Amino acid sequence: MIEKTLWEAADDLRANSNLTSQEYSKPILGLVFLKYADNKFSVAKEKLEGSIQSSRITIGPDEYQAEGVMYLPKKARFSNLVGLPEGEDIGALINDAMKLIEESNEELRGVLPKSYNTMESALLSNLLRTFNGIPADLDFDYFGRIYEYFIGKFAMAEGQGGGEF
């Protein structure tokens, strides 16, 4: 069950940081969203590049949006983030990626989480590598199941902390 493996990686972030479930739920769900968007983008990119008849045609945001896919600038792609070298400020670079996505997709402006710089780079790097294991051929429904699984786990974690000060 992939959801359990992903949750264990997300929970490792919480366990090795001083974040509450509320503080780390949005960034975690943001990475699930980014992986989903990257999977869809990659499929559309392959399709669009395969349909180009002339090398003078440039594929841009409008062509992706016509395919029903969000445009992801190169620096905002999950595949780029997962390949970042050790020692980089992963949190700041994920924040930058989220900003780039918002700039390229007006409907997302101000919506995506940008608090990754509060988390340790090594933990984020591990999380990215684990989430990268989500198969590229998963459909929307399966990502919905992952999202629902995480929401349930976050709610349970928050409920267990109820009454703590």
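Residues numbered from 1 in each chain as written. Predicted model: local features only at pLDDT ≥ 70, side-chain atom pairs only at ≥ 80, totals over all residues. Heavy atoms only, no water.

Colleague: Which residues make up the pattern of salt bridges, and what values do they have?
Modeller: Inspection of every chain in the model, using the stated rule, returns four salt bridges. For the salt bridge of E49 with K45, the shortest nitrogen-to-oxygen distance reads 2.9 Å. A residue pair is termed a helical-turn pair when its members lie 3 or 4 positions apart in one helix, as E49 and K45 do in helix α2 (residues 21-51) at four residues. Across the pair K47 and E67 runs a salt bridge, and its minimum N-O distance is 2.9 Å. Residue K47 is found in helix α2, and its partner E67 is found in the loop between α3 (61-66) and α4 (78-82); the two are separated by 20 residues along the sequence. Classification of E67 as partly exposed rests on a relative accessible area of 34%. (Salt bridge = Lys/Arg side-chain N within 4 Å of Asp/Glu carboxyl O. Helix = DSSP H or I, 4+ residues; strand = E, 2+ residues; numbered from the N terminus. Buried < 20%, exposed > 50% of the residue type's maximum accessible area, 1.4 Å probe, protein only.)

Colleague: Quick rundown of the nonpolar core? Include the residues and the values.
Modeller: I28, I94, I101, F131 and F150 are the most contacted members of the largest nonpolar core, which has 44 residues in total. Elements with a contribution of two residues or more to this core: α1 (2-15), α2, α4, α5 (90-104), α6 (121-131) and α7 (140-160). (Core = buried A, V, L, I, M, F, W, Y, C linked by side-chain atoms within 4.5 Å.)

Colleague: How would you summarise the layout of surface pockets if you had to cite specific residues and measurements?
Modeller: Each pocket or cavity is described by its volume, and for the second largest pocket that value is around 160 Å³. Around the second largest pocket, the lining residues are K26, L29, G30, F33, L108, V111, L112, P113 and Y147. If you tally residues by element for the lining of the second largest pocket, the top one is α2, at four residues. Looking at the lining of the second largest pocket, its residues break down into seven nonpolar, one polar and one charged. (1 Å grid on protein atoms, 1.4 Å probe; cavity = no way out; pocket = protein on both sides within 12 Å on 5 of 7 lines; lining within 4 Å. Points joined across faces, edges and corners; volume = space filled by probe spheres on them. Nonpolar A, V, L, I, M, F, W, Y, C, P; charged D, E, K, R; others polar.)

Colleague: I'd like to hear about the packing of aromatic side chains, residue by residue, with values.
Modeller: How two aromatic rings sit relative to each other is set out by the distance from centre to centre and by the angle between their planes. Taken as a whole and judged by the stated rule, the model has three aromatic pairs. With a centroid separation of 5.9 Å and 75 degrees between ring planes, the pair formed by F41 and Y71 is classed as edge-to-face. Here Y71 lies in the loop between α3 and α4 and F41 lies in helix α2, a separation of 30 residues in the sequence. Y71 matches F41 in its accessibility class, with the two residues each being buried. (Phe/Tyr/Trp six-rings, centres within 6.5 Å; stacked < 30°, edge-to-face > 60°.)

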